[in-house]
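# Fold and geometry: a report
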Amino acid sequence: MSRPSRKKVALDIPVSLPMTAADAWARIDAWFAQQGWQTTEFQRAAWNAYRAGDSGLIYVPTGSGKTYAAVFAALAELLQNPPHPKDDGLHLLYVTPLRALSRDVEKSIRKPCDELGLNIRIETRTGDTKSSLRRKQQKRLPHILITTPESFALLLSYPGADEQFRQTRCVVIDEWHELAGGKRGILLELGLARLRKIAPSVRTWALSATLADPQTAAQLAVGEGNKATLIKAEIKRPVLLRSLVPEQVDAFPWAGHLGLSMRDKLVADLDIERSTLIFTNTRYQAEKWFQEILDARPEWAGLIALHHGSLDIRVREFVESGIKSGALKLVVCTSSLDLGVDFPQVERVYQIGSPKGIARTMQRAGRARHRLGEPCEITCVPTHALELLEFAATRSAVVRGEVEKRPLLHKPFDVLAQHLVSCATGDGFIAEELFAEVTTAYSFRDLSWQEFLWVLALVEHGGENLHAYADYHKISRDDSGQFRIASPRLGHVHRMNIGTIQSDAQLQVKFLRGKTLGMIEEGFISRMKKGDRFVYAGRTLELFRVEDDRVLVRLSEKSSRAITKWPGSRLPISESLSAEIRALLSDRNLWHESAELAAIDVILRRQAELSAVPAAAQLLAEVCRTREGHHLFLYPFEGRLVHEGLAPLLAYRLARRQKTSFSLTVNDYGMEFLCRDAFPFQEVLHAEIFSTENLAEDTLASLNISNMAKRQFRDIARITGLVNQNYPGRRKLARQVQASASLLFDVFQRYEPDNLLLRQAEREALDQFFEASRLQRTLQRLSGAEMLLQRPSHPTPFGFPLLTERVSSHLTNESIADRVAKLIKQWSSP
Amino acid sequence: MTIPGAYSLVLRDQHLSLLPQRAIFWREEKTLIVADVHLGKAQTFQRAGIAVPAQSFHHDLQRLADLIENTSAQRLLVLGDFVHHRSGLTARVVEDIQRWSLRLSAELVVVLGNHDKPNKTVLEQLPITLCEPAWQRGPFIFAHDNMEAEEFRFFGHIHPVVNLPQMRLPVFAIYQDYCVLPAFSYFTGGAPASPQGLLQIFAPLEETGSVVALPVMPK
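So, how was this worked out
Residues numbered from 1 in each chain as written. Chains lettered and ligands numbered in written order. Predicted model: local features only at pLDDT ≥ 70, side-chain atom pairs only at ≥ 80, totals over all residues. Helix = DSSP H or I, 4+ residues; strand = E, 2+ residues; numbered from the N terminus. Expected span 1.5 Å × (residues − 1). Buried ≥ 20, exposed ≤ 12 C-beta atoms within 10 Å, placed from the backbone. Contact = placed C-beta atoms within 7 Å. Pairing = 2+ DSSP bridges. Axes fitted to C-alpha atoms, helices over the stretch in contact; angles between N-to-C directions. Right-handed = clockwise from strand over helix to strand, strands pointing away. Core = buried A, V, L, I, M, F, W, Y, C linked by C-beta atoms within 7 Å. pLDDT = per-residue confidence, 0-100.

### Remarks on helix H15 (residues 387-400) of chain A
Residues and elements named next belong to chain A. Compared with the 20 Å implied by 1.5 Å per residue over 14 residues, the 20 Å span of H15 between its first and last C-alpha is a close match. A large share of H15 lies buried, amounting to 11 of its 14 residues. Where H15 is concerned, the buried positions are Glu 387, Leu 388, Leu 389, Glu 390, Phe 391, Ala 392, Ala 393, Thr 394, Arg 395, Ala 397 and Val 398. Each element contacted by the buried residues of H15 is listed here: strand S8 (239-243), helix H14 (358-365), strand S13 (376-381), helix H21 (575-586) and helix H22 (595-599). Gly 401 occupies a position one or two residues after H15 and carries a positive phi of about 70 degrees.

What follows is the structure in structure tokens.
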């Protein structure tokens, strides 16, 4: 008997052999058994749906195994038909909103692939990926790629993308609720529309744990006109919410955002033996609390750490692995640890300040004991007394399992403009074909050909007045009718600026000699001068010098508390939460039912004495006079964002009666109109000022003079490439073509008031404040509410936080000259 | 002087009018003074693939021509940064500037600024008297940026502004022995006027046709 011939083959690349579907699934079942796991019903349902060729949404709680529900059917396909390890082309694309998640996903996919004997390339590509690997991926994509929406858009913008993506069978989108309906999600929708054109058999599976409207979310993921299958699981995870209640509450709560007075109480409540996450709402808070806890418990040094988005990636990785290994017991973090990364060791979760939303509270609570079936507990620490009210309201909503509905943006032109340039930078496009493709994205389903041509003209000619754009060329049509980028350099700049995440230019923070600490916003640094101190990465640093894109710092030796603050984004309370708050206030019987409300009893009683506590069907208005002038306070309890839209609108309507300038201040609970001269507030406070009649006109008129469209334009200018954050090598020319979005806004308004981008800015401001209909619903509610007009002798406990709020916007219908004159008068009078 | 809304000053015995159009008229010398015109800036943006409308270019030329006509100035003195960047000085732009300057009834004098120096060859082709580093006359010296001099200095370069709530106004900033002019072009940003030694600030408001004296806030 002759021995089988042993031909020498290159064994360094073992090729897996094809197998039948039954064998593949048998092997997968065996692997699950090996792990000691049982496949769940929803996982099997998801695999069957995938095998049937369906796309859809897997909607199950965190920690129940949805990643494997999404990818195993695709892995089975790879087992059946293993690609040659050196074969080109992508099979499975896994999109995650957070770069931090990608490493974990890569690991959890790699493990079964290795153990199932699948010899394939699995790689990650995010903004953190090394340039050598990026270049390699540009030539040859791996078989499984884990990436972010922005990096995916970038990959599509290279010539040859069509070829690279042709074999793609499966797209998984993780944490879809983070993306759906926002500009990031819409950029991804456009990319997926492109992918479905290149690889028609591709199936899309979105994953989410918290969603108010799963059906629409599923449709957004799979595209217009495609069938969306919903896979759900009936797994319940109760959320327990408790609050740390201060010993004593002042009748006049001060809206400080830190609540450091709660430090000792929090530190006493902490247990350094148990792994704990402390969530804050801003990076500044995180830095500050980290220091405070360390000051109170210096012996915890080494066990406690800080984690937020602008720290160096190595620092973040170090902290994440410290939590996993148990070396770190206590981590103060921001939303940077909100999402997915699995930390089964974490036992306790704290939240400093109000989480401002029900979904966010549940998400954060879910970080504790990330295990199925166990309840999750979150301990809330108020930063000012009225937040106790929000905690109580959050709890009753969580108990009912209510989650906020997220507003969906509708066909944003700036995102489309960016996509058109990306397509022109890649393999080029024919207008009619791309239009057909773009309209398969759910968010652009009713885009008209006319609108498409507008956006195309915008990137091709600049604007409708061709004479004004004689030297502008970004994309142009070649002889065959294909649109292509006008020059390789423009393509290069475009790629460097792909994405829709609005952010300030980032500078590197670095010690004078040595170590890089992370990134920081240019806007923050530009407000500082040499020697100014700021807290960063848990240290107090002193600014030494800014050099190109580096901020050189040294450790501050002075222990002064005078430090520069980080401007934090302040989230508004959600609509569901504000309804809950009004209901709580309304029912006096509830005031003693929770520890939170009992604690602020002194505030509520004082408010009732001085003015009133409104019932749910009432609108409380307070008119009073102080040395500052004449105040009107209104308390719709609709959240900062709605109040930001509502206050200028009401001011505009009030000012129609009598020309004047108001200082406007808003917070989550109400708004203040301050007027230096007497104003007949009582006379004009009728239901008509809340009328929804002429709402669009009035909103636009008040927006025009109140800068809201201008604020919106910042985003739009960046996404359409009018303001580029990144330039190759920061060359000299870069400085010649930098202008702030607000300057560009002024230039457009002066010279081309009909420009489409200005109209989009207006529309977005309207969308955000009005068409998204929360403002409209608010007005409807208020016009039907009973007006409870009070004339307190001085500002009340509800009004006090507004008075202390120093950030105010200014609305006026007076001319610039009048306002300047008034300011001068103000300054010259002692 | 027929420009309404001007703010008149007497400085070193000379009569100066600050004009709402971001310019100074020097009566004795019949000279109109502006700084930082940045011609061709929009075209520079366009050439870099950024769609900024170019009307600001023609508008600025028109504003300058109107000012010369209304003041009957015999000289237009530009304190540097007459042009923005070579990439925006397209054949059409240079031709438009040429045609415009030939029609002017006033002599055109440009003190070279940092943006002008790399474009000297282009500027030399135009009917412009170029000076470097400054133009001196009577008790005054005119430059692009601050410099050491015996005379009272006028310069531009820093585009001084004053930030008011929700408003940013370009200003004339007057110090003990110098005056900083606002940028003439609307397509320019700015930096807050340095408070060190600041004596007076005047905001030119072209829309309302007036120049307003702003109080200097002690720092």
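### Here we look at the sheet that holds S13(A)
Residue and element names in this part refer to chain A. With respect to topology, 6 strands assemble into an open sheet ordered S8-S13-S12-S9-S11-S10, the strand pairing being parallel. Bordering the open sheet on either side are S8 and strand S10 (304-307), each of which pairs with just one other strand. Across the sheet, the mean angle separating the axes of adjacent strands is 20 degrees when strand polarity is ignored. In terms of strand pairing, strand S9 (residues 276-279) meets strand S12 (residues 348-352) through 4 bridges, oriented parallel. Within S12, the position partnered with Thr 276 by the bridge is Arg 348. In the packing of H14 onto the sheet, contacts are made with S8, S9, S12 and S13, and the angle to S13 comes to roughly 120 degrees.

### Quick word on the pairing of strand S6 (residues 107-111) of chain B
Residue and element names in this part refer to chain B. Pairing geometry for strand S5 (residues 75-78) and S6, over 4 bridges, is parallel. The residue of S6 that forms the bridge with Val 78 is Val 110. Assessed by its sense of winding, the connection that carries the chain from S5 through helix H3 (residues 91-103) to S6 is right-handed. Relative to strand S7 (residues 129-131), S6 runs parallel, the two sharing 3 bridges. If you follow Val 110 over to S7, its bridge partner there is Leu 130.

### Regarding the sheet that holds strand S1 (residues 55-59) of chain A
The strands that make up a sheet are held in pairs by hydrogen bonds between backbone atoms, and each pair lies either parallel or antiparallel. Residue and element names in this part refer to chain A. Within the open sheet, the 7 strands sit side by side as S3-S4-S2-S5-S6-S1-S7. Their pairing is parallel. Since the sheet does not close on itself, it has two edges, and those belong to strand S3 (122-125) and strand S7 (228-232), each with one partner. Neighbour to neighbour, the strand axes of the sheet diverge by 15 degrees on average, direction disregarded. Across the sheet, helix H4 (residues 99-115) touches strand S2 (92-95), S3 and strand S4 (144-147), and the angle it forms with S3 is around 175 degrees.

### Digging into the nonpolar core
Ranked by size, the top nonpolar core spans 276 residues in total, and within it B:Ile33, B:Leu79 and B:Phe142 carry the most contacts. No other element matches the 11 residues that helix H3 (residues 66-80) of chain A contributes to this core. Those residues in contact with B:Phe142 that lie beyond four places of it in its chain are B:Ile33, B:Leu77, B:Leu79, B:Val111, B:Ala134, B:Trp135 and B:Phe154. Counting 11 residues, the second largest nonpolar core, distinct from the first, contains A:Leu507, A:Phe534, A:Leu543 and A:Val551.

### Some thoughts on the environment of A:Glu123
Residue and element names in this part refer to chain A. Checked against the element boundaries, Glu 123 lands in strand S3. Separated by 22 residues in sequence, Glu 123 and Leu 145 have C-alpha atoms that sit 5.2 Å apart. Residue contacts for Glu 123: discarding those within four places in its chain leaves Gln 137, Pro 142 and Leu 145.

### A short note on the confidence of the model for chain A
All names here are of chain A. Of all residues in chain A, 86% attain a pLDDT of 70 or more, and the chain-wide mean is 83. Segment residues 1-13 is flagged for pLDDT under 50; beyond a separation of four residues in sequence, or across chains, it makes 2 contacts in the model. Residue range residues 806-813 is modelled with pLDDT below 50. Its contacts to residues more than four positions away, or to other chains, number 23 contacts.

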